[in-house]
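Here is how the chains run, residue by residue.
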Amino acid sequence: MENEKTSKMLLDTVHTEIYHSFIDPLCKSLNYEYLGPLIEEMVEEIPGIVSKEIEILPRKKNNLLQKKRDDLIELSSEKIDIKNYYQILKKIYEGKISNQQEMGVLGKIYQQKGITFSFLCERGGILIKKGLDLEPTFFAITELAKQHVDKETNTIIKKYGDYLSNDEVFLLNTPLATDFFTKRFLDVQSFLENPCEESEKLLKTRYGRNLFNKKWFKQQKLDTLQKRDIENKMKQNFCKKYYFLLERKIPNLEIIDYILTIDHIVDKHIQANFSFMHDIFLQMQILNGKERISELENKEKIKHLMVESIKELLKNY
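Residues numbered from 1 in each chain as written. Predicted model: local features only at pLDDT ≥ 70, side-chain atom pairs only at ≥ 80, totals over all residues. Heavy atoms only, no water.

Novice: What should I look at first to understand the overall build of the protein chain in this one?
Specialist: Broken down by element type, the protein chain carries 16 helices and zero strands. Computed over C-alpha atoms, the radius of gyration of the protein chain comes to 21 Å, within 12% of the 20 Å expected from 2.2 N^0.38 for 317 residues, which places it in the range of a compact globule. Taken over the C-alpha atoms alone, the protein chain extends approximately 65 × 50 × 35 Å along its principal axes. Within the protein chain, the fraction of its 317 residues that count as buried is 47%. The contacts of the protein chain with a sequence gap of at least 6 include a subset with a gap of at least 24, amounting to 82%. Accessible surface, the protein chain: about 17,100 Å² in total, of which carbon and sulfur atoms supply 51%. If the 50 positive side-chain charges of the protein chain are averaged to one point and the 49 negative ones to another, these points end up 3 Å apart. (Helix = DSSP H or I, 4+ residues; strand = E, 2+ residues; numbered from the N terminus. Rg over C-alpha atoms; globule rule 2.2 N^0.38 Å. Buried < 20%, exposed > 50% of the residue type's maximum accessible area, 1.4 Å probe, protein only. Contact = heavy atoms within 4.5 Å. Areas by Shrake-Rupley, 256 points an atom, 1.4 Å probe, with all protein chains shown as cover. Lys, Arg positive; Asp, Glu negative; His and termini not counted. Charge placed at Lys NZ, Arg CZ, Asp CG, Glu CD.)

Structure (structure tokens):
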């Protein structure tokens, strides 16, 4: 029964094929090609603009940071156990992804002239409000992943340490699926080894459409021996971790792995693709009026809309 329960949780949450079954569809569903090439070109400026606007916002009006600080305390490992943290993390991520996907679909339909501007504003306002309600908790809970995992793994080591090998202690902090940076290295190496259209499309989906323009990417060199060595180690680690999750009757192992997967893989892909920005794009369109922002060709106007959109969102927390 214990093994059946663990196996079901793995299938329902972690996925042994997380990149093909979850990461790739997620990246595709949250892309913003519909906004046009200029916005795609400028989107990397948005995190810097957000940080600047948060810093200059008067303390008494900085509700985003205050709500985040409150959640950092309420969701800390001192206040809740890892099971409650896991449930909240899962709920927040599911809500955040669903809301961003709906914003993306709404924005795309408007750019394709499938809905009126008034409908966009009405439905968009509801989705933006929902996003604002999620945001402080989302920021807080993503920062607390390591804290909760560290506390739980330390508890496990204290209780079961005499029965765990060095390999198993290492596996406690290693996700079943390959972490973001290792997988990115392997994917880039596979492309350099066989630069075809299919692998180019995969790279752009997983790591952002502007990947090939990045300085670090241009510096990559094919290293077949290192690639093979890492691939072999990843296969070995996967087998060891899978066996560890299925056979070891230690409480919360699968929950730890879920949190590690979100922290080391899912969140990194969201950051690489600047995926959680559809509220900003939607607010930009609302502020710009009926003229579609996908048709804008003035970079300064787009930048101005980005700044004003971020200010408006921060003001409404």
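Novice: What should I look at first to understand the nonpolar core in this one?
Specialist: In globular proteins that are soluble, nonpolar side chains generally tend to be buried together. Core analysis: the largest hydrophobic core is formed by 41 residues, its most contacted members being Tyr85, Leu89, Tyr93, Ile259 and Val266. The biggest single contributor to this core is helix α14 (residues 253-272), with 10 residues. Within the second largest apolar cluster, 36 residues are counted, among which are Leu38, Ile128, Ile293 and Leu314. (Core = buried A, V, L, I, M, F, W, Y, C linked by side-chain atoms within 4.5 Å.)

Novice: Please explain the packing of aromatic side chains as it appears in this structure.
Specialist: Aromatic ring pairs are defined here through the distance separating the ring centres and the angle between the ring planes. Scanning the entire structure with this criterion turns up 13 aromatic pairs. Here Tyr93 and Phe138 contribute two aromatic rings whose centre-to-centre distance is 5.3 Å and whose plane-to-plane angle is 65°, an arrangement assigned as edge-to-face. Residue Tyr93 is found in helix α6 (residues 82-111), and its partner Phe138 is found in helix α7 (residues 117-143); the two are separated by 45 residues along the sequence. For the pair formed by Tyr93 and Phe138, the shared burial category is buried. Feature note: the residues Tyr93, Phe138, Phe139 and Phe276 constitute an aromatic cluster, connected by ring pairs. Lying across the ring of Tyr19, Lys183 places its NZ or CZ 5.1 Å from the centre. A cation over a ring is seen here: Arg292 above Tyr110, with NZ or CZ 4.1 Å from the ring centre. (Phe/Tyr/Trp six-rings, centres within 6.5 Å; stacked < 30°, edge-to-face > 60°. Lys NZ or Arg CZ within 6 Å of the ring centre and 35° of its normal.)

Novice: Would you mind showing me how to read the pattern of salt bridges here?
Specialist: Any two side chains of opposite charge can pair, on the condition that their charged atoms come close. In this structure the tally under the stated criterion is 25 salt bridges. For Glu41, the salt bridge is made with Lys299, and the minimal N-O distance between the two is 2.5 Å. In this pair, Glu41 is assigned in helix α3 (residues 37-42) and Lys299 in helix α16 (residues 299-315), connecting sequence segments 258 residues apart. What makes Glu41 partly exposed here is its relative accessible area of 48%. As a salt-bridge pair, Lys227 and Glu193 come within 3.4 Å of each other at their nearest N and O atoms. Linking Lys227 in helix α13 (residues 224-247) with Glu193 in helix α10 (residues 180-193), this pair joins segments that are 34 residues apart in sequence. Look at the salt bridges and you will find they share partners, linking Glu193, Lys227, Arg228 and Glu231 into a network. (Salt bridge = Lys/Arg side-chain N within 4 Å of Asp/Glu carboxyl O.)

Novice: Looking at this structure, how should I read the layout of surface pockets?
Specialist: The gaps of empty space that remain are located by a probe, the size of a water molecule, rolled over the atoms. The calculated volume of the largest pocket comes to roughly 710 Å³. Around the largest pocket, the lining comprises 27 residues; the ones closest to its centre are Val50, Glu135, Phe139, Phe276 and Met277. For the lining of the largest pocket, the secondary structure elements donating two or more residues are α4 (46-56), α5 (63-74), α7, α14, α15 (278-288) and α16. In this structure, the second largest pocket occupies an estimated 510 Å³ of space. Along its surface, the second largest pocket is lined by 20 residues, and Glu17, Tyr19, Thr178, Lys183 and Leu186 are the ones closest to its centre. The set of elements that each furnish at least two residues to the lining of the second largest pocket consists of α2 (18-29), α10, α11 (197-207) and α13. For the lining of the second largest pocket, the residue count by class is nine nonpolar, five polar and six charged. (1 Å grid on protein atoms, 1.4 Å probe; cavity = no way out; pocket = protein on both sides within 12 Å on 5 of 7 lines; lining within 4 Å. Points joined across faces, edges and corners; volume = space filled by probe spheres on them. Nonpolar A, V, L, I, M, F, W, Y, C, P; charged D, E, K, R; others polar.)

Novice: Explanation requested: the side chain of Lys96 in the structure shown.
Specialist: Mapped onto the secondary structure, Lys96 falls in helix α6. In contact with Lys96, not counting residues within four places along its chain, are Leu134, Glu135, Phe138 and Phe276.

Novice: Is there a simple way to explain α10 in this structure?
Specialist: For an α-helix the count is 3.6 residues per turn, leaving residues at separations of three or four pointing the same way. For α10, which comprises 14 residues, the first-to-last C-alpha distance of 20 Å matches the rise-based estimate of 20 Å (1.5 Å per residue) to within 8%. If you follow the buried residues of α10, they end up packed against α2, α11, α12 (215-218), α13 and α14. In this structure Asp179 caps α10, since a side-chain oxygen of it lies 3.2 Å from the backbone nitrogen of Phe181. (Expected span 1.5 Å × (residues − 1). Polar contact = N/O pair within 3.5 Å; in protein donor to acceptor, adjacent residues only side chain to side chain.)

Novice: What is the right way to look at the packing of α6 against α7 in this model?
Specialist: When two helices pack together, you describe them by how their axes are tilted relative to each other and by the distance separating the axes. The N-to-C vectors of α6 and α7 enclose an angle of 155°; their axes lie 9 Å apart at closest approach. One way to sum up the angle between α6 and α7 is to call them roughly antiparallel. Crossing of α6 against α7: the hand is left-handed. Residues that form the contact of α6 with α7 fall into these classes: 16 nonpolar, six polar and five charged. (Axes fitted to C-alpha atoms, helices over the stretch in contact; angles between N-to-C directions. Parallel < 35°, antiparallel > 145°, perpendicular 65-115°, else oblique. Left-handed = near helix turned anticlockwise from the far one by under 90°.)

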